[in-house]
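Notes for the structure review
The primary structure of each chain is shown beneath.
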Amino acid sequence: MSGFAQGALAIPPGLVRRMAGRRGEPDLSGDDWLAELPRRVAAALERWELTADGVPMHGYWALVLPVRRRGEPLILKLGWPHPEARHEHLALRAWAGRGAVHLVAAHPAVDALLLERLDASRDLGGTDVQTSCAVIGGLLRRLDVPAFPQLDHLSDWARGFLADTAQVPAIAAAGLPRRFVEQARSVARDLAEEPGIDGRLVHSDLHDGNVLAGERAAWLAIDPKPLAAEPAFALAPAMWNRWTDALASGDPSWHLRCRLGWLADAAGVDEDRARAWTLIRLVANAAWRVRTGDPDGGPSPMTAFVAAMKAMASDR
C-alpha cells in the first residue's frame, strides 16, 4: 500500500551530517534516530495509507517526505524528538490552518506529522526585506491566540537563561562583549517577573525559511517551536535572518532599525520589548553554543549583530 519498502529510504546527506553523533534529548541519539528512520517512515506510510511522491528533503532536525493519499499531495514529517518540537502538533491544531500549515494528522509518540503540502521551493527569502517583514508581522498577528496549558512558559525560559549565563566570563569568551551579556541578564531578570508574558501561543522560530508559499494562502508558517510567551519575543529570528543584507546596506544599525520598525508595526507589538527580547535571545544562543559545543554558526556574526543592535538603540 505504501509503495515504499522498508530500508529503501534515501536519507538526505545533509540530515545525516547534522544528526550523526548528536546526543539524545532525552534518550534517542541522532545515530539511533537515523537507524530507525526507515522503519518509522514505512510505519507512517502504512498507518495513513500514503504513497511516497518525491525526493526526501529535510529540515533542521526532521525528515520531510512528499506523499499522496488518494491522490491528494501531502507532506510526511518525521522529527527527531527534542523539547522545542514536542508540542508542534498541538500548536498546529490550535491554529487550524489560520496563518500556518494545516495539520492533517499526527502520531506524537513517534514525532510523525501529516501536513498539507506547501511549495518548498518558495520561501520568504525570495522577497525583499520590507515585504518579508510585512508578511512575518502579519502572520504573527494571525497566529496570536491564547496559550494552552501544555506549553513551556517564557517566564521559565527567562529564568533558565539566567541560570545558563551565570558564568558571564565564559559566555563573553565565546566572542560577545561582557557588557552585552550583563545587560541581557539584567533585562531578562526584569522581564521574567512581569505578569502576562506567558499568555499567548507564540511561534518562536518565525523567519524567512519557515514561511512557505501555499495555494489556499500566499504564505504560511511552518515548524513553529511553540511557546507560551508574548508576541514581542517572536521577532528575534526575523531580525537576525538576512544578516548579509544588513552588511550589504552599508549601515547595519540603520538597516536593523528599519527592519525592527517594519516588523513591530506589522505584528502590532512594542518595538522596545522586541529589541530587548532579541538581544536576550542572541546571548542565549551564544550560551547554548558554549554549553553544547554545537558547531552550527559562530560568535563573529553574532557579535557584529549585537553591536549593530546596540548602536541602533543608542542612536534613538
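Preceding block: the structure.
What you see is a predicted model; the values in this text were computed from it and never measured.

Taking 1.5 Å per residue as the helical rise, helix H10 (residues 252-267) with its 16 residues ought to reach 22 Å, and the 22 Å between its terminal C-alpha atoms agrees with that figure. Taken together, the buried positions of H10 are Ser253, His255, Leu256, Arg259, Leu260, Leu263, Ala264, Ala266 and Ala267. Buried positions in H10, seen along its axis, are confined to an arc of 165° and lie on one side of it. Gly268 sits one or two residues past H10 and shows a positive phi near 70°.

Our next topic: the environment of Val187. If you trace the backbone, Val187 turns up in helix H7 (residues 178-192). For Val187 and Ala158, which are 29 residues apart along the polypeptide, the C-alpha to C-alpha distance reads 9.8 Å. In contact with Val187, other than residues within four places in its own chain, are Ala276 and Ile280.

Below, the discussion takes up the packing of helix H5 (residues 154-164) against H7. As a packed pair, H5 and H7 sit with axes 9 Å apart at the nearest point and diverge in direction by 150°. Comparing their axes, H7 and H5 come out roughly antiparallel. The two elements H5 and H7 meet at a crossing, and its hand is left-handed. Contact residues: H5 offers Ser155, Ala158, Arg159, Phe161 and Leu162, while H7 offers Ala184, Arg185, Ala188, Arg189 and Ala192.

The strands that make up a sheet are held in pairs by hydrogen bonds between backbone atoms, and each pair lies either parallel or antiparallel. With respect to topology, three strands assemble into an open sheet ordered S8-S9-S12, the strand pairing being antiparallel. Where the open sheet ends on each side, the last strands, each with one partner, are strand S8 (145-146) and strand S12 (226-229).

This part is about the pattern of salt bridges. If you walk through the whole model with that rule in mind, you get 21 salt bridges. Glu182 serves as the salt-bridge partner of Arg178, at 3.0 Å between the closest nitrogen and oxygen. Remark: Glu182 and Arg178 occur in helix H7; sequence separation between them is four residues, near one turn of the helix. On the basis of relative accessible area, Glu182 is assigned to the partly exposed category, the value being 38%. Here Glu271 ties to Arg275 by a salt bridge, and the two come within 3.7 Å at their closest N and O atoms. You can see Glu271 and its partner Arg275 sitting in helix H11 (residues 271-292), four residues apart, about one turn around the helix. A relative accessible area of 6% places Arg275 in the buried class. Taken together, the shared-partner salt bridges in this structure form one network comprising Lys77, Glu88, Asp205, Asp223 and Lys225.

Reading the values: rules and limits
- Residues numbered from 1 in each chain as written.
- Predicted model: local features only at pLDDT ≥ 70, side-chain atom pairs only at ≥ 80, totals over all residues.
- Heavy atoms only, no water.
- Helix = DSSP H or I, 4+ residues; strand = E, 2+ residues; numbered from the N terminus.
- Expected span 1.5 Å × (residues − 1).
- Buried < 20%, exposed > 50% of the residue type's maximum accessible area, 1.4 Å probe, protein only.
- Arc of directions from axis to C-beta.
- Contact = heavy atoms within 4.5 Å.
- Axes fitted to C-alpha atoms, helices over the stretch in contact; angles between N-to-C directions.
- Parallel < 35°, antiparallel > 145°, perpendicular 65-115°, else oblique.
- Left-handed = near helix turned anticlockwise from the far one by under 90°.
- Pairing = 2+ DSSP bridges.
- Salt bridge = Lys/Arg side-chain N within 4 Å of Asp/Glu carboxyl O.

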